[in-house]
Amino acid sequence: MAVDRETSANHAGRSVEIRPAQAHDAEALSAIAFKAKAHWSYSAEALESWRRELAVSADEIASKSVFVALADGRIAGFYSFCPAERGWLLDHLWVLPEFMRRGIGRALVTHALETAARGGASSVTVDADPNAESFYLACGATRCGEVSAPISGQTGRVRPQLRFRTN
């Protein structure tokens with residue numbers, strides 16, 4: 001369902017190109033997700049337990065809407081969707097730590113919401129990492145729930161459930 005066109009955006013004074021992901025991007029996208037998750041100082045044990053869900057395969061790229069953001073000539077971040085009839089799930093949105101706070105995440109969210117709206121989605125939901133909640137709220141999401149997600153040393157940890165309206 002990926003759109004076959006490239007778009008450019010100017011965020012925080014920098015040009016960001018967003019294009020559909022290609023099968024050969026899978027390994028790089030998996031590495032970006034893992035490095036971005038590690039940025040939040042989770043234990044090695046917790047990170048390893050998430051390795052499979054952070055991985056992006058060539059099959060996923062072929063079957064989902066997956067887009068990458070290019071900055072300084074390299075892939076700086078990406079997002080992917082699980083489209084549904086009305087509301088879509090943003091199942092990945094990651095930015096390499098060295099590119100954080102440069103407008104790339106916001107450019108990806110903007111592109112994702114525009115893509116979902118064009119695809120007929122009335123909303124986009126995010127099962128967010130607790131450390132990313134403030135980012136999504138700043139981009140216009142609202143909290144619609146939470147899921148218990150304890151890890152070693154953080155028994156009360158929850159993942160916020162967030163929603164964007166696309167219309």
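Nothing here was measured: the structure is a model prediction, and the numbers come from that model. (Residues numbered from 1 in each chain as written. Predicted model: local features only at pLDDT ≥ 70, side-chain atom pairs only at ≥ 80, totals over all residues. Heavy atoms only, no water.)

A. Region of the structure containing the packing of aromatic side chains. Across all of its chains, the model carries 6 aromatic pairs by this definition. Judged by centre distance (5.4 Å) and plane angle (75 degrees), the rings of Tyr79 and Phe81 are edge-to-face. When sorted by exposure, Tyr79 lands in the same class as Phe81, which is buried. Here Tyr136 and Phe164 contribute two aromatic rings whose centre-to-centre distance is 6.3 Å and whose plane-to-plane angle is 75 degrees, an arrangement assigned as edge-to-face. Linking Tyr136 in helix α5 (residues 133–138) with Phe164 in strand β8 (residues 158–165), this pair joins segments that are 28 residues apart in sequence. (Phe/Tyr/Trp six-rings, centres within 6.5 Å; stacked < 30°, edge-to-face > 60°. Buried < 20%, exposed > 50% of the residue type's maximum accessible area, 1.4 Å probe, protein only. Helix = DSSP H or I, 4+ residues; strand = E, 2+ residues; numbered from the N terminus.)

B. Fine view of unusual backbone geometry. Even without glycine at this site, Ser41 takes up a positive phi of about 60 degrees. Its location among the elements puts Ser41 in the loop between α1 (26–38) and α2 (44–54).

C. Looking closely at the pattern of salt bridges. Applying the stated rule across the entire model yields 11 salt bridges. A salt bridge links Glu133 to Arg143; the nearest nitrogen and oxygen atoms lie 2.7 Å apart. Remark: Arg143 occurs in strand β7 (residues 142–148) and Glu133 occurs in helix α5; sequence separation between them is 10 residues. Across the pair Arg143 and Glu146 runs a salt bridge whose closest N-O atoms are separated by 3.0 Å. Taking the relative accessible area as the measure of exposure, Arg143 reaches 39% and is therefore partly exposed. (Salt bridge = Lys/Arg side-chain N within 4 Å of Asp/Glu carboxyl O.)

D. View of the packing of α1 against α2. Two numbers describe how α1 lies on α2: the axes approach to 10 Å, and their chain directions differ by 145 degrees. Handedness of the α1/α2 crossing: right-handed. Contact with α1, carried on its side by Ser30, Ala33, Phe34, Lys37 and Ala38, involves Leu47, Trp50, Arg51 and Leu54 of α2 and no other residues of that element. (Axes fitted to C-alpha atoms, helices over the stretch in contact; angles between N-to-C directions. Left-handed = near helix turned anticlockwise from the far one by under 90°. Contact = heavy atoms within 4.5 Å.)

E. Seen up close, the state of the cysteines. The tally for this structure, following the rule as stated, stands at 0 disulfides. Cys82 takes part in no disulfide bond, and the closest cysteine sulfur to it belongs to Cys144, at a distance of 16 Å. Free of any disulfide, Cys139 has its nearest cysteine sulfur in Cys144, 16 Å distant. The exposure class of Cys139 is buried, given its relative accessible area of 15%. (Disulfide = S-S within 2.5 Å.)

F. Spatial organisation of the nonpolar core. Counting residues in hydrophobic clusters, the biggest one holds 52 residues, and the most contacted among them are Leu29, Phe78, Leu90, Ile104, Tyr136 and Phe164. With 7 residues, the single largest contributor to this core is helix α4 (residues 104–118). (Core = buried A, V, L, I, M, F, W, Y, C linked by side-chain atoms within 4.5 Å.)

G. View of α2. If you check which residues of α2 are buried, you get Ala46, Leu47, Trp50 and Leu54. Buried positions in α2, seen along its axis, are confined to an arc of 90 degrees and lie on one side of it. Seen from the open side of α2, the exposed residues pointing more than 90 degrees away from its buried face are Ala44, Glu45, Ser49 and Arg52. Against the buried residues of α2 lie α1 and β5 (87–95). (Arc of directions from axis to C-beta.)

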